[in-house]
Amino acid sequence: QVQLVESGGGLVQPGGSLRLSCAASGSIVSINAMGWYRQAPGKQRELVATITSGGITNYADSVKGRFTISRDNAKNTVYLQMNSLKPEDTAVYYCNAQIKRRFGTPFTNYWGQGTQVTVSS
């Protein structure tokens, strides 16, 4: 099947940086949009950033100017460069991808297992 594996999370001090990666593998015909979402304790999961297959990006207002999403279509990988991290960025970050596994089937959302990002001094 399809698997999304995130990496790069961890503990960082305020003002620091992290880069998250998410690689999709398995039976994949094509990938449409990819993105990053996050969920802080006691809060709803929220969109962080998305990127279309053509490279069009969208960011939550709270991360604009600090985070950058990118992708490598040849590697089926999406990245999230996070700079100037703030304590409020602390959350579990989830990778999402719209994946077509077989011709003639619709794109389906797949999610990674999540990676913890903690911003604290």
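No experiment lies behind these values; they were computed from the predicted model shown.

Asker: An account of the side chain of R71 is requested, with residue identities and associated values reported.
Answerer: Relative to the elements of secondary structure, R71 occurs in strand β7 (residues 67-72). The charged side chain of R71 is buried without a salt bridge, its nearest counter-charge being D72 at 8.2 Å. There is a polar contact of 3.2 Å between the side chain of R71 and the backbone oxygen of I51. A polar atom in the side chain of R71 sits 3.1 Å from the backbone oxygen of T52.

Asker: Any details on the state of the cysteines? Residues and values, ideally.
Answerer: What is meant by a disulfide is a covalent connection between two cysteines, made through their sulfur atoms. Enumeration according to the criterion identifies 1 disulfide in this entry. Here C22 pairs with C95 through a disulfide, and the sulfurs are 2.0 Å apart. One disulfide, between C22 and C95, carries an S-S torsion of -85° and so falls in the left-handed class. Of the two residues, C22 sits in strand β3 (residues 18-25) while C95 sits in strand β9 (residues 91-100), which places them 73 residues apart along the sequence. With a relative accessible area of 0%, C95 lands in the buried category.

Asker: Tell me what's going on with the packing of aromatic side chains, and back it up with residues and numbers.
Answerer: Tallied over the full model, the rule gives 1 aromatic pair. Measuring from ring centre to ring centre gives 5.1 Å for Y37 and W111, while their planes differ by 65°; the resulting arrangement is edge-to-face. Remark: W111 occurs in strand β10 (residues 108-111) and Y37 occurs in strand β4 (residues 30-39); sequence separation between them is 74 residues. Owing to a relative accessible area of 34%, W111 belongs among the partly exposed residues under this scheme. Positioned above the aromatic ring of Y94, the side-chain terminus of R45 is 5.5 Å from the ring centre. The ring of W111 is capped by R45, whose NZ or CZ atom sits 3.8 Å from the centre of that ring.

Asker: Quick one: what's the story with the side chain of T77, residue by residue and with numbers?
Answerer: Take T77: it is sitting in strand β8 (residues 77-82). A relative accessible area of 7% means that T77 is categorised as buried. Within the structure, T77 has its side chain in polar contact with the backbone oxygen of K75 (distance 2.9 Å). Dropping the residues within four chain positions of it, T77 is found in contact with C22, A23, M34, S70, R71 and D72.

Calculation notes
- Residues numbered from 1 in each chain as written.
- Predicted model: local features only at pLDDT ≥ 70, side-chain atom pairs only at ≥ 80, totals over all residues.
- Heavy atoms only, no water.
- Helix = DSSP H or I, 4+ residues; strand = E, 2+ residues; numbered from the N terminus.
- Buried < 20%, exposed > 50% of the residue type's maximum accessible area, 1.4 Å probe, protein only.
- Lys, Arg positive; Asp, Glu negative; His and termini not counted.
- Salt bridge = Lys/Arg side-chain N within 4 Å of Asp/Glu carboxyl O.
- Polar contact = N/O pair within 3.5 Å; in protein donor to acceptor, adjacent residues only side chain to side chain.
- Disulfide = S-S within 2.5 Å.
- Phe/Tyr/Trp six-rings, centres within 6.5 Å; stacked < 30°, edge-to-face > 60°.
- Lys NZ or Arg CZ within 6 Å of the ring centre and 35° of its normal.
- Contact = heavy atoms within 4.5 Å.

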